[in-house]
Each structure stands twice: as structure tokens, then as C-alpha cells.
Amino acid sequence: MELRQLQYFVAVVEEAGFTRAAARLHLAQPGISAQIRQLERELGQPLLDRSGRSVTPTEVGRALLPYARAALAAVEGARQVADEYGGLLRGRVAIGVLSGAAVHEFDLAAALAAFHARHPHIEVAVTEDSSERMLDALRDGVLDLALVGLADEEPPTGVGLQVLIDEPLVAAVAPDDPLVALAGDADGPGLPLEALRERPVISLPRGTGSRGVLERACARAGFRPRVVFEAADPRFLAQLAARGLGVAAVPRLPESLAASLGLRMLPFAEPQPRARVALAWRTAGPTGPAAAALLDRLRTDLAAAGSRGRRRSRPGDPGEPVVE
């Protein structure tokens with residue numbers, strides 16, 4: 001068994017095909033196919049199912065996958081350690097981020113630019129996806145870090161968190177909406193969640209933390225929200241609400257945006273559903289020096305953002321990472 005065979009196998013699984021894997025590795029497809037077939041002969045088991053439109057791992061292939069990734073990570077870690085002692089940090093870090101404006105509180109581009117200036121030989125791959133899929137990819141080792149929305153109060157198993165945003169969901173409605181009178185004044189008890197029972201709801205997509213928080217809160221209230229529009233950008237959801245197309249259940253919008261659209265932001269009654277965005281990393285399994293360096297940089301920048309008052313959190317929240 002050769003290391004390159006494991007590398008080819010992992011690439012084919014992750015790309016769901018030989019052609020895309022060959023393009024990713026900058027190799028000829030026949031060579032990759034031949035090496036994987038040789039690996040299958042050595043192991044005496046088929047590792048890939050080639051019968052469908054896309055290539056998928058067999059049961060044996062799925063069992064082998066984490067070991068193959070661990071072997072590749074160990075070798076890469078050894079190379080990076082040697083480079084680190086030589087004063088040069090190399091490697092590749094995969095980070096997932098929420099789409100749209102969900103991380104507007106934190107200038108990720110500036111943080112990555114500063115990191116690149118310090119470590120020019122580290123390749124950083126950034127992808128956008130839903131929070132659910134990013135947490136799965138984080139646990140599977142496909143991602144090293146992720147900025148995710150949290151649907152649950154407790155951190156997922158095996159994942160460390162540093163909260164960036166912690167704020168209540170609000171109901172954004174047109175100023176003449178009947179819910180305005182129901183919610184009362186700013187010092188009142190807030191809008192009962194049950195008020196959404198018969199109303200069309202505008203929300204972030206399934207798989208996002210805020211959507212999960214909304215659905216769980218409504219389930220506790222005894223109903224399922226009737227979502228008629230969904231999009232990744234809360235600003236677009238606000239525009240739909242301003243047109244009277246439904247009640248936008250979103251994290252609190254900037255006052256300037258709400259005012260420009262003529263929207264009223266109605267807080268929900270206690271217990272308020274809250275939208276949380278956090279930096280997440282895997283607490284189990286090997287983390288290479290490159291990923292560790294970026295994690296350290298981002299955690300430092302997040303702490304600085306919090307000290308400048310850009311992080312909105314629960315009263316009494318010290319802003320420390322939550323690790324499980």
C-alpha cells in the first residue's frame with residue numbers, strides 16, 4: 001500500500017468521480033484509476049462503487065476513509081513540523097463560512113489577508129455552505145475551521161466554539177402590520193411566538209442556525225412555521241417583509257437598514273429565540289500546524305472584535321470559548 005494510493009482514493013471520494021479528482025490532483029485519470037484498482041487488489045475488497053452517475057465509496061471504502069485521511073494528515077503534519085523548525089510554515093487549511101451577510105460583524109477577509117502576509121506558503125481554501133453541512137464536514141475532517149450558525153444551546157460533540165454573535169431573533173414587519181399593536185411598546189412583554197402560527201414567515205434557509213432555532217422554538221410553542229420565502233441574506237429577507245409578503249424572522253437588522261425600508265423590528269416574548277454565530281474547530285483528531293496557526297489568528301481577532309464592542313452577547317457572557 002502506497003501513500004499516493006490513499007491520496008487518490010480520498011480525492012475520488014471527495015470529488016465523487018475520477019475526472020474531477022484527476023483535475024484536482026493535476027494527474028491523468030487512467031493513472032489514478034489504475035492505482036486505486038491496485039489498492040483494491042491488495043486489500044481484497046472493492047472500495048468504490050462505479051455503477052452510478054457519481055462514484056461513491058462502498059461499505060469497506062467508508063470504513064477505510066477516516067484511516068486514509070488520518071495517514072495523509074500525519075504525513076503532512078510531519079512535513080509541516082520539519083518546515084516549522086526550519087522557520088517556514090507550509091500547508092493547506094480548509095475553512096467554511098456562512099453565505100450572505102451572516103458574518104458582517106467580523107472582517108474575515110482582513111483576517112485572512114493578515115494571515116497570508118505572515119504565512120505566504122499556507123494555502124487557505126474558503127467555501128460557503130449551510131451550517132449543518134459545515135459541521136458535518138468539520139467532524140469528517142474535510143474542513144479544518146468553520147464560521148457556523150448554532151441551532152442548539154450546547155456545542156456539538158467533538159467541536160470547540162468561540163461565539164462571535166449572540167443576539168435575539170426579531171420579527172421584522174411593515175409598520176402597518178397588526179403584529180405591531182400586538183407586540184406593544186418597546187418596554188412591553190414582546191411578541192408572543194404563537195402570533196406566527198397563522199402568518200406566512202420569511203426565514204433563512206434550512207440548515208442554518210437561525211432557521212433551526214426558529215423551528216425548535218415554534219415546535220415548543222406547538223406549531224410549525226409556514227415558511228413561504230427563504231434566502232441566505234437577511235437584507236433580502238427584510239426587503240420581502242417590507243413588501244408585505246410575510247413576517248421576517250431574522251437576527252436583529254441594522255437600524256439604518258430597517259429605517260430605510262420602513263420596517264419595525266418586534267422582539268419576541270421570553271424566552272427569546274437567539275441567533276448565534278461561532279468559530280468552530282474539531283477538538284478530536286490531528287490538527288496540523290497550518291490549521292492551528294490560522295485558528296490562533298482568528299481566535300485572537302475575534303477576541304479583539306469583542307473588546308471593541310462589536311460582539312453582541314447575552315448579559316454576563318464572558319466571551320470565552322466553549323469546548324466539548
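Cut-offs used in this document
Residues numbered from 1 in each chain as written. Predicted model: local features only at pLDDT ≥ 70, side-chain atom pairs only at ≥ 80, totals over all residues. Heavy atoms only, no water. Axes fitted to C-alpha atoms, helices over the stretch in contact; angles between N-to-C directions. Helix = DSSP H or I, 4+ residues; strand = E, 2+ residues; numbered from the N terminus. Parallel < 35°, antiparallel > 145°, perpendicular 65-115°, else oblique. Contact = heavy atoms within 4.5 Å. Nonpolar A, V, L, I, M, F, W, Y, C, P; charged D, E, K, R; others polar. pLDDT = per-residue confidence, 0-100. Buried < 20%, exposed > 50% of the residue type's maximum accessible area, 1.4 Å probe, protein only. Lys, Arg positive; Asp, Glu negative; His and termini not counted. Salt bridge = Lys/Arg side-chain N within 4 Å of Asp/Glu carboxyl O. Polar contact = N/O pair within 3.5 Å; in protein donor to acceptor, adjacent residues only side chain to side chain. Pairing = 2+ DSSP bridges. Right-handed = clockwise from strand over helix to strand, strands pointing away. Core = buried A, V, L, I, M, F, W, Y, C linked by side-chain atoms within 4.5 Å.

1. Some details on the packing of helix H1 (residues 3-15) against helix H3 (residues 29-43)
Contact geometry for H1 and H3: axes closest at 9 Å, N-to-C directions at 110°. Between H1 and H3, the angle is such that the two are roughly perpendicular. Contacts between H1 and H3 involve Arg4, Gln5, Leu6, Tyr8, Phe9 and Val12 from the former and Ile32, Gln35, Ile36, Gln38, Leu39 and Glu42 from the latter. Of the residues in the contact of H1 with H3, the class split is 7 nonpolar, 3 polar and 2 charged.

2. Overview of the confidence of the model for the chain
For the chain, mean pLDDT is 83; residues scoring 70 or higher make up 86% of the total. Least confident of the elements in the chain is strand E12 (residues 322-323), whose mean pLDDT is 38; most confident is strand E7 (residues 200-203), at 94. A low-confidence stretch, residues 309-324 (pLDDT under 50), is modelled with 37 contacts involving residues beyond four sequence positions or located in other chains.

3. What to know about the side chain of Arg282
Relative to the elements of secondary structure, Arg282 occurs in strand E11 (residues 274-282). Look at Arg282: it is buried, it has no salt bridge, and the nearest opposite charge is Asp144 at 4.3 Å. Only 2.8 Å separates the side chain of Arg282 from the backbone oxygen of Leu138, close enough to count as a polar contact. Within the structure, Arg282 has its side chain in polar contact with the backbone oxygen of Leu143 (distance 3.0 Å).

4. As for the environment of Phe236
With respect to the helices and strands, the residue Phe236 is situated in helix H9 (residues 234-242). Residue Phe236 is classed as partly exposed on the basis of its relative accessible area, which comes to 40%. A sequence separation of 34 residues divides Phe236 from Ile202, and the C-alpha atoms of the two residues are 10.0 Å apart.

5. Section: the pairing of E7
Sheet topology places E7 next to strand E8 (residues 226-230); 4 bridges connect them, and they run parallel. Of the residues in E8, the one forming a bridge with Pro200 is Arg226. Handedness of the crossover joining E7 and E8 through helix H8 (residues 209-220) is recorded here as right-handed. As paired elements, E7 and strand E9 (residues 247-251) share 2 bridges and run parallel to each other. Among the inter-strand pairings, Ile202 is bridged to a residue of E9, identified as Ala248.

6. Re the nonpolar core
Residues Phe106, Leu145, Leu279 and Leu298 are the most contacted members of the largest nonpolar core, which totals 38 residues. At the level of elements, strand E3 (91-97), helix H5 (108-118), helix H6 (131-140), strand E5 (145-150), strand E6 (159-173), E11 and helix H11 (289-307) are the ones that each hand at least two residues to this core. At 7 residues, H11 tops the list of elements feeding residues into this core. Not counting chain neighbours up to four residues away, the residues in contact with Leu145 comprise Val93, Ala94, Ile95, Gly96, Leu138, Leu279, Ala280, Trp281, Ala291, Leu294, Leu295 and Leu298. Within the second largest apolar cluster, 22 residues are counted, among which are Leu179, Leu191, Val201 and Leu214.

7. What to know about the pattern of salt bridges
In the structure shown here, the tally under the stated rule is 16 salt bridges. Note that Arg69 and Glu14 form a salt bridge whose closest N and O atoms lie 3.2 Å from each other. Here Glu14 lies in helix H1 and Arg69 lies in helix H4 (residues 59-85), a separation of 55 residues in the sequence. Judged by its relative accessible area of 18%, Arg69 falls in the buried class. Judged by relative accessible area, Glu14 falls into the partly exposed class, the value being 32%. Across the pair Arg139 and Asp136 runs a salt bridge whose closest N-O atoms are separated by 2.8 Å. Of the two residues, Arg139 and Asp136 are both situated in helix H6; the distance of 3 residues between them amounts to about one turn of the helix. Shared partners join several salt bridges into a network, and the residues in it are Glu14, Glu15, Arg24 and Arg69.

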